[in-house]
Protein chains: 2
Amino acid sequence: MTLKRSSIPLLGLLTWRPMSGYELKQEIEGSLENFWSESFGQLYPHLRDLHHAGLIEEIDDAANDSRSKRTYAITDDGRRALRHWLSDAPKTRPPRNELLLKVFFASEGDTADILLHCRQARADAMATLEKYKGIDARLKGLTKETAKARYWRMTLRFGMSQTRSLISWCDATIEELENEQTN
Amino acid sequence: MTLKRSSIPLLGLLTWRPMSGYELKQEIEGSLENFWSESFGQLYPHLRDLHHAGLIEEIDDAANDSRSKRTYAITDDGRRALRHWLSDAPKTRPPRNELLLKVFFASEGDTADILLHCRQARADAMATLEKYKGIDARLKGLTKETAKARYWRMTLRFGMSQTRSLISWCDATIEELENEQTN
DNA sequence: CCCTCCATGTAACTCGTTACATGATTCG
DNA sequence: CGAATCATGTAACGAGTTACATGGAGGG
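Please read these numbers as outputs of a predicted model, since none were measured by experiment.

Side note on the interface of chain A and chain B
(1) Moving on: Opposite the 64 residues of chain A that make contact, chain B presents 64 residues.
(2) Moving on: Summed over both partners, the interface of chain A with chain B buries about 6600 Å², with 61% contributed by carbon and sulfur atoms.
(3) Moving on: Its largest share of buried area at the contact with chain B, chain A owes to Arg 96, Phe 104 and Tyr 151 of chain A, together 13% of the area lost on that side.
(4) Moving on: The interface formed by chain A and chain B holds 11 salt bridges in total.
(5) Moving on: Arg 96 of chain B is the partner of Glu 38 of chain A in a salt bridge, and the nearest nitrogen-oxygen pair spans 3.8 Å.
(6) Moving on: Among the secondary structure elements, those contributing two or more residues to the side of chain A that touches chain B are α1 (8-13), α2 (21-32), α4 (76-87), α5 (98-104), α6 (111-142) and α7 (148-182) of chain A.
(7) Moving on: Per-element tally for the side of chain A that touches chain B: the top contributor is α7 of chain A, with 18 residues.
(8) Moving on: The class makeup of the residues in the side of chain A that touches chain B is 29 nonpolar, 18 polar and 17 charged.

This is the structure in structure tokens:
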């Protein structure tokens, strides 16, 4: 009955309100995409497992609009399990970074390719940063409505900080690679 | 005959010199650990696959010290495959970050726990940064020996940049969480 | 002799991704 | 009526982790 990492977001989101699998998917894509990826092929099996473990329960939604929709709510056991997970030290594993792997082995290929990759990464990061700024503006307005928004903004600021750092690394690296080429 | 992501480091490292599985493992742990994790239970199967695909070949090492050691060298096909991979756009997927997931759902648990996690993350990051500085100093000396060291330093600077960004995020977040608690 | 390191491997399991299958409803 | 969206699911595969099994060599 160990709580799987991939089930945490489901449990967490169900503290907001009862939801169906499909709604959970939407919320994850909308709210967690910046620091969490879910395997949606596993979503329904995970819901089934959580149900069997008694951490969530199926409710008959009053507003169930006649669709073949299953709505789940978190149980007290579920809340306990989530709280327990929250107090546990997070496991951080070094993430795989393909761009860095390419930079590391750059001398085995054409450095012009690597330069392109870095320019692309910079452009992507700029776009991401703009997106974050937009979300931040919206969250700022929400802070009066819900205390949760404070925490959401913290995660967003993490993304902004890391993205800015990425952009300046790209700048430095691009410059160095360009200098090398003209030599 | 698609080149698996996990096989790339093996191919890349074999451009340095012929190596055995065990040596590859050491090199990966020593050189790539900051941006790449390998599943060492897959290492030997991957070597076998690369061998079957003709991207590496087994050589009888002259210096083979009578141990039951298999030494592999990269082939021309292997170099081609690596170069091809290098020119391909890197696939970046949003990495999972458990710390952020905990911050995101902080309101469902005890924020004192989250504060602890952030303090721990900061301490870890400080240690990482010190480690990086040490490696950078060593790499600095290597740049005259091998041109590759330039690229290695780029990856290291990425790590330093991201780690510094993480530290300042931790500082800001810790402060915000502390203020909240005294209220 | 025992421990550590060198060295290669397998088995069992968990996890994650992709693609597909199915069908209802809504909107133009 | 056809396309998009809502909605739930499965199958097949690919990837990654952990733990174990085996044995030689070198040093204290």
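Still more ground to cover, so stick around.
Describing the sheet that holds strand β3 (residues 71-74) of chain B
Residues and elements named next belong to chain B.
(1) Moving on: With respect to topology, 3 strands assemble into an open sheet ordered β1-β3-β2, the strand pairing being antiparallel. Edge positions in the sheet fall to β1 (19-20) and β2 (56-59), since each has one partner strand and no second.
(2) Moving on: Contacts from helix α3 (residues 43-52) reach β2 and β3 within the one sheet, and its direction differs from that of β2 by about 100°.

Quick notes on the relation of the copies chain A and chain B
Turning one copy of the chain about an axis and sliding it along that axis gives the other copy, so a rotation and a shift relate them.
(1) Moving on: The operation relating chain A to chain B is a screw motion whose rotation component is 180°, with 0.0 Å of axial translation and a residual RMSD of 0.0 Å. One copy is carried onto the other by what is essentially a two-fold rotation axis.
(2) Moving on: Counting the interface residues of chain A, we find that 100% of their copies in chain B are interface residues as well, pointing to one common contact surface.

Concerning the domain arrangement of chain A
Residues and elements named next belong to chain A.
(1) Moving on: Looking at the assigned domains, one finds that chain A contains domain 1 (5-87) and domain 2 (98-182).
(2) Moving on: Using only C-alpha atoms to locate each centre, domain 1 and domain 2 end up separated by 30 Å.
(3) Moving on: Between domain 1 and domain 2, the contact holds 4 residues from the first and 7 residues from the second.
(4) Moving on: Across the interface of domain 1 and domain 2, roughly 400 Å² is buried in total on both sides, 54% from carbon and sulfur atoms.
(5) Moving on: It is Trp 16, Asn 34 and Phe 35 in domain 1 that bury the most area against domain 2; as a group they hold 85% of the surface buried on that side.
(6) Moving on: Connecting domain 1 to domain 2 are 1 salt bridge.
(7) Moving on: Between Lys 131 and Glu 33 there is a salt bridge, and its shortest N-O distance comes to 3.7 Å.
(8) Moving on: Inspection of the region where domain 1 meets domain 2 yields 1 residue pair in polar contact (both at pLDDT 80 or more).
(9) Moving on: When the residues that make up the side of domain 1 that touches domain 2 are grouped by side-chain class, the tally is 2 nonpolar, 1 polar and 1 charged.

So, how was this worked out
Residues numbered from 1 in each chain as written. Chains lettered and ligands numbered in written order. Predicted model: local features only at pLDDT ≥ 70, side-chain atom pairs only at ≥ 80, totals over all residues. Heavy atoms only, no water. Contact = heavy atoms within 4.5 Å. Buried area = accessible area lost by both parts, 1.4 Å probe. Salt bridge = Lys/Arg side-chain N within 4 Å of Asp/Glu carboxyl O. Helix = DSSP H or I, 4+ residues; strand = E, 2+ residues; numbered from the N terminus. Nonpolar A, V, L, I, M, F, W, Y, C, P; charged D, E, K, R; others polar. Pairing = 2+ DSSP bridges. Axes fitted to C-alpha atoms, helices over the stretch in contact; angles between N-to-C directions. Least-squares fit on C-alpha atoms with pLDDT ≥ 70 in both. Domains from an automatic or database assignment. Polar contact = N/O pair within 3.5 Å; in protein donor to acceptor, adjacent residues only side chain to side chain.

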